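Here is how the chains run, residue by residue.
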Amino acid sequence: QTCALPISLYQPPPPPAAAPGAISPPSADAKAWVAGLAPDKMLPADRIYTAEFYSALGYVLSNLADKEVQAIDTTEKFRRAHALALDGAVAKANVGKYPGLGREIDRAFALAVAGLPAADASDEAKVAKAVEDGLTPRPITNALRARLVDCCSALNWKLRINGE
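This text gives an overview of the structure that appears in the document.

Rules used throughout
- Starting afresh in each chain, residues are numbered from 1 along the sequence in its written order.
- Whole-chain, interface and lining totals are the exception, using all residues; otherwise, since this is a predicted model, local features are given only for residues with pLDDT of at least 70 and side-chain atom pairs are given and counted only at 80 or more.
- Computation of side-chain values: all heavy atoms of the structure, hydrogens and water removed.
- To qualify as a helix, a DSSP run of H or I must reach at least 4 residues; to qualify as a strand, a run of E must reach at least 2; elements of each kind are numbered from the N terminus.
- Exposure is judged per residue with a 1.4 Å probe applied to protein chains only, and the accessible area is read against the type maximum: over 50% gives exposed, under 20% gives buried, and values in between give partly exposed.
- Residues adjacent in sequence count toward polar contacts only when both atoms are side-chain atoms; beyond that, a polar contact is any pair of N or O atoms within 3.5 Å, and within protein one must be able to donate a hydrogen and the other to accept it.
- Each aromatic pair joins two rings of Phe, Tyr and Trp (for Trp, the six-membered one) with centres within 6.5 Å, and gets the label stacked for planes under 30 degrees apart, edge-to-face for over 60, and tilted for any other angle.
- Contact between two residues is taken to exist if any of their heavy atoms lie within 4.5 Å; hydrogens are not considered.
- Here, a salt bridge means any Lys or Arg side-chain nitrogen found within 4 Å of an Asp or Glu carboxyl oxygen.

## A closer look at the side chain of His 82
- Here His 82 is to be found in helix α3 (residues 75–89).
- On the accessibility criterion, His 82 (6% relative accessible area) is buried.
- A polar atom in the side chain of His 82 sits 2.8 Å from the side chain of Tyr 54.

## Details of the packing of aromatic side chains
- Counted by the stated rule, this structure contains 3 aromatic pairs.
- With a centroid separation of 6.1 Å and 45° between ring planes, the pair formed by Tyr 54 and Phe 109 is classed as tilted. In this pair, Tyr 54 sits in helix α2 (residues 44–64) while Phe 109 sits in helix α4 (residues 101–114), placing the two residues 55 residues apart along the sequence. For the residue pair Tyr 54 and Phe 109, the accessibility class agrees, reading buried in each case.
- For the pair Phe 78 and Phe 109, a centre-to-centre distance of 5.1 Å together with 70° between the ring planes defines the contact as edge-to-face. Placement of the pair is Phe 78 in helix α3 and Phe 109 in helix α4, with a sequence separation of 31 residues.
- On the basis of relative accessibility, which here comes to 5%, the residue Phe 78 falls in the buried class.
- In this structure Phe 109 comes out as buried when scored by relative accessible area, which is 5%.

## Observations concerning the environment of Met 42
- Tracing the chain through its elements places Met 42 in the loop between α1 (28–33) and α2.
- Judged by its relative accessible area of 7%, Met 42 is buried.
- Taking the C-alpha atoms as reference, Met 42 lies 8.9 Å from Lys 97; in sequence the two are 55 residues apart.
- Not counting residues within four places of it along the chain, the set of residues in contact with Met 42 comprises Arg 47, Thr 50, Tyr 98, Leu 101 and Leu 159.

## Examining the pattern of salt bridges
- Overall, the coordinates contain 8 salt bridges when judged by the stated rule.
- Here Arg 79 and Glu 76 are joined by a salt bridge, their closest N and O atoms 3.6 Å apart. Of this pair, Arg 79 and Glu 76 both sit in helix α3, 3 residues apart, which is roughly one turn of that helix.
- Among the ionic pairs, Arg 107 bridges to Glu 104, the shortest N-O distance being 4.0 Å. Taken together, the positions of Arg 107 and Glu 104, both in helix α4 and 3 residues apart, correspond to about one turn of that helix.
- Residue Arg 107 is classed as partly exposed on the basis of its relative accessible area, which comes to 26%.
- The partly exposed category is assigned to Glu 104, whose relative accessible area is 22%.

## Describing the environment of Leu 37
- Mapping Leu 37 onto the fold places it in the loop between α1 and α2.
- Under the relative-accessibility criterion, Leu 37 is labelled buried at 5%.
- Counting along the chain gives 63 residues from Leu 37 to Gly 100, while the straight-line C-alpha distance between them is 8.6 Å.

Written as structure tokens, this is what we have:
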């Protein structure tokens, strides 16, 4: 029996770049953005679930790049979409289960928005300025979208125990 949905609605995922389960290391900049994340205290199942969430978020963001009308065209809309998706993905009983996790993920996205290069990641003043700059609402350009997708990939990589 065939599927009743028109095939044009189905968009298959891209083929894996490596063996199933293998995650390519992110860029040096993206590694610096997620360096503050310490998922070692998370349960393995929670790490994998959260990694899959950011893998999916990155996939959605990358697929929006070629759309004529952008649903997420500003950093403020991205923050709201991210928060709404998390609200739907995380049970209320689990909110706050890992203190500081949300703050570090928000920090990573702020650094990605600001485009902090890895070379500046050890300079606390530049990091603080980049976080502040990254929280300023702005339109999402193609370059910024690519950084957000890179940040999602880095979160996925870090949470999957590859980043330790």
